[in-house]
Amino acid sequence: GQQLNQSPQSMFIQEGEDVSMNCTSSSIFNTWLWYKQDPGEGPVLLIALYKAGELTSNGRLTAQFGITRKDSFLNISASIPSDVGIYFCAGEISSGSARQLTFGSGTQLTVLP
Amino acid sequence: SAVISQKPSRDICQRGTSLTIQCQVDSQVTMMFWYRQQPGQSLTLIATANQGSEATYESGFVIDKFPISRPNLTFSTLTVSNMSPEDSSIYLCSVGDSQPQHFGDGTRLSIL
């Protein structure tokens with residue numbers, strides 16, 4: 001099956017710094033998604049990308065769907081304490097009514113005051 | 001987006017027992033999914049719960065261990081059968097028809 005390589009595995013940054021994380025795959029995906037998971041909760045969708053080359057922003061978050069459809073990155077600008085959590089990329093293959101979502105291994109983000 | 005409620009939110013179970021997890025959605029959805037998230041790990045798809053037919057299981061997951069019901073378009077259950085400590089995980093349901101999948105808060109399961 002498909003595998004996603006997400007990096008870095010963890011990050012410790014100072015409040016106010018920018019953050020970048022990325023996912024790569026040997027497989028092509030139709031859709032790239034970025035989720036954030038807080039302790040005790042399920043993943044929450046941050047950004048969805050549907051077209052190769054697409055660059056999408058959601059507040060301080062910016063994500064891009066790689067041209068080759070095999071990679072994506074997420075940037076967070078001017079980090080704040082509530083950005084702490086685990087960030088997951090996910091690639092989706094959809095064919096007819098079937099939808100297959102593959103998750104990256106996650107990036108644990110810690111924001112230091 | 002649909003509101004997803006999972007029950008129980010957490011449980012501690014004895015090995016060898018079974019637990020049924022419920023997932024309720026506040027609107028009708030065609031596609032419901034069950035995932036497992038082992039401690040410190042990412043999410044792995046267990047199966048797609050199909051209304052009116054058997055669930056579609058991913059490689060490494062079997063119906064005898066993880067039976068799934070989908071009696072209607074707003075509800076599904078996942079049973080974790082004959083539990084062992086290796087089954088200690090968070091189990092999450094998600095929904096997603098034309099929208100990206102979004103998730104319930106999960107069921108945190110510990111097996112002693």
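The structure this text deals with has already been given above.
Since we're looking at a predicted model, the values are computed, not measured. (Residues numbered from 1 in each chain as written. Chains lettered and ligands numbered in written order. Predicted model: local features only at pLDDT ≥ 70, side-chain atom pairs only at ≥ 80, totals over all residues. Heavy atoms only, no water.)

Our focus in this paragraph is the sheet that holds strand 1 (residues 4-7) of chain B. Residues and elements named next belong to chain B. Read across the sheet, 4 strands follow the order 1-3-8-7 without closing on themselves; strand pairing throughout is antiparallel. Edge positions in the open sheet fall to strand 1 and strand 7 (68-72), since each of these has one partner strand only. Going across the sheet, the axis of each strand differs from the next one's by a mean of 15 degrees, ignoring polarity. Of the strand pairs in this sheet, strand 1 and strand 3 (residues 19-25) are connected by 4 bridges, and their pairing is antiparallel. (Pairing = 2+ DSSP bridges. Helix = DSSP H or I, 4+ residues; strand = E, 2+ residues; numbered from the N terminus. Axes fitted to C-alpha atoms, helices over the stretch in contact; angles between N-to-C directions.)

Size of an interface, as often reported, equals the accessible area lost when the parts are brought together. With 20 residues of chain B in contact, the opposing surface of chain A contributes 20 residues. Taken together, both faces of the contact between chain B and chain A bury some 1400 Å²; the carbon and sulfur share is 51%. The interface formed by chain B and chain A holds 0 salt bridges in total. One can count 5 residue pairs in polar contact (both at pLDDT 80 or more) joining chain B with chain A. Elements with a contribution of two residues or more to the side of chain B that touches chain A: strand 4 (32-37) and strand 5 (43-49) of chain B. (Contact = heavy atoms within 4.5 Å. Buried area = accessible area lost by both parts, 1.4 Å probe. Salt bridge = Lys/Arg side-chain N within 4 Å of Asp/Glu carboxyl O. Polar contact = N/O pair within 3.5 Å; in protein donor to acceptor, adjacent residues only side chain to side chain.)

This paragraph deals with the side chain of T107 of chain A. Residue and element names in this part refer to chain A. You can see T107 is positioned in strand 11 (residues 107-112). Separated by 2.6 Å, the side chain of T107 and the backbone oxygen of P8 make a polar contact. Apart from the residues lying within four places of it in its own chain, the contact partners of T107 are Q6, S7, P8, Q9, M11, M21, G85, I86 and Y87.

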